[in-house]
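Observations on chain architecture
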Amino acid sequence: MSKNIYITTTLPYVNSDPHVGFAMEIIRADVLARYHGLIGNNVFLNTGTDEHGTKIWEKAQAEGIDVQKYVDSYAEKFKGLSDLLNLSSDIHFIRTTDESHVKAAQEFWKIVDQNGYIYKAPYEAKYCVGCELEKTDSELVDGRCPIHPDKDLELISEENYFFKFSDFTQPLLDFYEQNKNFVLPDFRFNEIKKFVERGLRDFPISRVKEKMPWGVPVPGDEDQVMYVWFDALVNYISTLGWPNGEDFKNFWEEGFTLQIAGKDNLRQQSAMWQAMLMAANIKNTDKVVINGFLNGPDGKKMSKSLGNVINPYDVVKELGADAVRFYLTYNVSSFEDSPISVEMIKESFNANLANGIGNLTNRVVKMAENYDVVVKLPEPKDVWFDKEHVGQEYHEAFKNFEPQKALEYLMNEVREMDLFIATEQPFKKVKVDELSAKEDVARLMLNLFYMGVLLEPFMPETSAKVVEAVGTRTTPKEPIFKRLD
RNA sequence: CGCGGGGUAGAGCAGUGGUAGCUCAUCAGGCUCAUAACCUGAAGGCGGCCGUUCGAGUCGGCCCCCCGCAACCA
């Protein structure tokens, strides 16, 4: 009865430190992965780093370091997120410079080529001598570089390989029509449909090696390397051992595939990659979930110049992984952009974790201790299949890929328990009707236990602490979450 | 008419036709099991105009403002 679930994030490009937005993406992927593992499904969770391309090449050159060393050091930083954010220990981490990935990307190219979707043609680009950069039309104002309007643009021309993206306009539209819930949320699905409806353009998928050698070599052409996107997207299957491998068969072909991405990746994930899969005769992704962005508290995009950048390392160091995991699932909108600041995280920490979960655990367990309340607790693993004590909205939320709502359910449970204590006043009742007071506390202990267990996908450490406190009927020596001043 | 999102209490959000809700912050009260925590109550709100409707935050039109994207920004 158990299912195979494949969950992947996008691969962040390693030209800067891990962004808190990516931390959110991987945390949300991890929450879903943990949940599915807990209810008995087989889960393959993938993340990694995208390490090829012009920007990385240029940056390494500029810093005067060997490009391999440059990407190695970044890969380590991103791998560090796994411990930092307390991600599932069996998470798969793929680097697009891994040999197995490079081979898979080349194999993928060959198949797409054999199927007739790759052709060679002249590629013309506009080059601003002032910037020393290629410019796309969208970057130009009145056909001139806005930074150097006095300089004429040079036309450079080279032979590149192109992907026949245009052939997939109709197949993609048909695919969208047949899979009405392919992209979540709806408004992003509409956005990509409109984009595809306008008609797709072929695009170059290679670069001249002489100019930019940092890429996967094009099979059968010494002089060209792959355009970074064409290579990078293949990671979603190369991580599974494609073209061979049991994992590919079990998880991609016979399992349920879920891709989580930021809204900047809508096109690449839901159109480009899907067309590539079609071109290679591989099954399409089952579901793409698109997150919004995290902005500064003023709603403006985070940037170093505005000084509103949140560094995940700093916040975790101060508040702990669970607090960050909590904030990024509970307080951040599922799909819309959200503002974020350290102050907002701390506010939520005090309200929900210190005053909420932490304090509740203390007061309930303390009463159980004092009144010698004995409770028979179920096995944690049975909680996941208990339909009597667990609201179905909890599981529904996960089925709908909105774990935030499951967490809302748990936080409501916390509030109800606090209210129950205030209403029933077992601490007062114990003096006149001990039995009834004990029943109240036993009921609280049981509910707290359930809440604690169900917290595991979101906050594994906290979950363990709550479960232990209830199980051993001992208040934690250190507060689970100490209130911040 | 390029594409999309948004404008609901001081802040952050929910609310897709039927008495406008939640969290934080503020003020007042209660409680003492608990981490000065918890509970109750109060004040305070749908960007603007027009329309559809018995009834509009919700549907339609126009306008204003904010934010992304525009084929390599998580």
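A short tour of the structure in this document, coming up.

Conventions and cut-offs
- Residues numbered from 1 in each chain as written.
- Chains lettered and ligands numbered in written order.
- Predicted model: local features only at pLDDT ≥ 70, side-chain atom pairs only at ≥ 80, totals over all residues.
- Heavy atoms only, no water.
- Core = buried A, V, L, I, M, F, W, Y, C linked by side-chain atoms within 4.5 Å.
- Buried < 20%, exposed > 50% of the residue type's maximum accessible area, 1.4 Å probe, protein only.
- Contact = heavy atoms within 4.5 Å.
- Helix = DSSP H or I, 4+ residues; strand = E, 2+ residues; numbered from the N terminus.
- Pairing = 2+ DSSP bridges.
- Right-handed = clockwise from strand over helix to strand, strands pointing away.
- Axes fitted to C-alpha atoms, helices over the stretch in contact; angles between N-to-C directions.
- Parallel < 35°, antiparallel > 145°, perpendicular 65-115°, else oblique.
- Left-handed = near helix turned anticlockwise from the far one by under 90°.
- Nonpolar A, V, L, I, M, F, W, Y, C, P; charged D, E, K, R; others polar.
- Expected span 1.5 Å × (residues − 1).
- Bend = angle between axes of the 7 residues up to and from the residue.
- Arc of directions from axis to C-beta.
- Lys, Arg positive; Asp, Glu negative; His and termini not counted.
- Salt bridge = Lys/Arg side-chain N within 4 Å of Asp/Glu carboxyl O.
- Phe/Tyr/Trp six-rings, centres within 6.5 Å; stacked < 30°, edge-to-face > 60°.
- Lys NZ or Arg CZ within 6 Å of the ring centre and 35° of its normal.

Side chains that are nonpolar tend, in soluble globular proteins, to be buried together. Formed by 100 residues in total, the largest nonpolar core has its most connected members in L85, L328 and Y394. Setting aside anything within four residues of it in sequence, one finds L328 in contact with V20, A23, M24, I27, R28, L294 and I340. Membership of the second largest hydrophobic core comes to 53 residues, among which are V183, F189, A271 and M278.

Further remarks concern the pairing of strand 12 (residues 287-291). Of all five residues in strand 12, five are buried, a share of seventy percent or more. Both faces of strand 12 are covered, namely the face carrying K287, V289 and N291 and the face carrying V288 and I290. Two strands pair when backbone bridges link them, and strand 7 (residues 183-184) and strand 12 are joined in this way by two bridges, in the parallel orientation. Considered in strand 12, the bridge of L184 is made with V289. Bridge analysis of strand 11 (residues 256-262) against strand 12 gives five bridges, and the strand direction is parallel. Among the inter-strand pairings, Q259 is bridged to a residue of strand 12, identified as V288. At this point the chain moves from strand 11, through helix 10 (residues 266-279), to the parallel strand 12, and the crossover so formed is right-handed.

Interhelical geometry of helix 5 (residues 169-178) versus helix 6 (residues 186-197) gives an angle of 155° and a closest axis separation of 9 Å. By the angle between their axes, helix 5 is roughly antiparallel relative to helix 6. Along this stretch, helix 5 crosses helix 6, giving a crossing that reads as left-handed. Contacts between helix 5 and helix 6 pair T169, L172, L173 and Y176 from the former with F189, I192, K193, V196 and E197 from the latter. Partitioned by chemical class, the residues of the contact of helix 5 with helix 6 number six nonpolar, one polar and two charged.

The terminal C-alpha atoms of helix 13 (residues 342-371), which comprises 30 residues, lie 40 Å apart, in line with the 44 Å expected from a rise of 1.5 Å per residue. Maximal helix bending in helix 13 amounts to about 35°, located at N359. Looking one or two places after helix 13, you find D372, whose phi comes out positive at around 55°.

What follows covers helix 15 (residues 392-399). Among the residues making up helix 15, those that are buried are Y394, H395, A397 and F398. Take helix 15 and look down its axis: the buried residues cluster within an arc of 150°, on one side only. Elements that come into contact with the buried residues of helix 15 comprise helix 1 (20-38), helix 16 (403-424) and helix 18 (434-454). Just downstream of helix 15, F401 is the residue with a positive phi angle, here 60°.

Turning next to the side chain of D231. Here D231 shows up in helix 7 (residues 228-233). R95 provides the closest opposite charge to the buried, salt-bridge-free D231, at an N-O distance of 11 Å. Once residues within four sequence positions are removed from consideration, D231 is found in contact with H52, T96, H101, A105, V216 and M226.

Moving on, we come to the packing of aromatic side chains. In this description, a pair of aromatic rings is defined by centroid distance and the angle of the planes. For the structure on display, the rule yields 37 aromatic pairs. On the basis of an interplanar angle of 50° and a centroid distance of 4.8 Å, the ring pair of Y117 and F168 is categorised as tilted. Taken together, the residues Y117 in the loop between helix 4 (99-114) and strand 4 (118-128) and F168 in the loop between strand 6 (154-163) and helix 5 connect sequence positions 51 residues apart. The buried category is assigned to F168, whose relative accessible area is 4%. Across from the ring centre of F293, 5.0 Å away, lies the NZ or CZ of K263, which sits over that ring. Stacked on the ring of F195, the Lys or Arg R267 has its end atom at 4.0 Å from the ring centre.

Without other data, these values stay purely geometric and don't point to any function.
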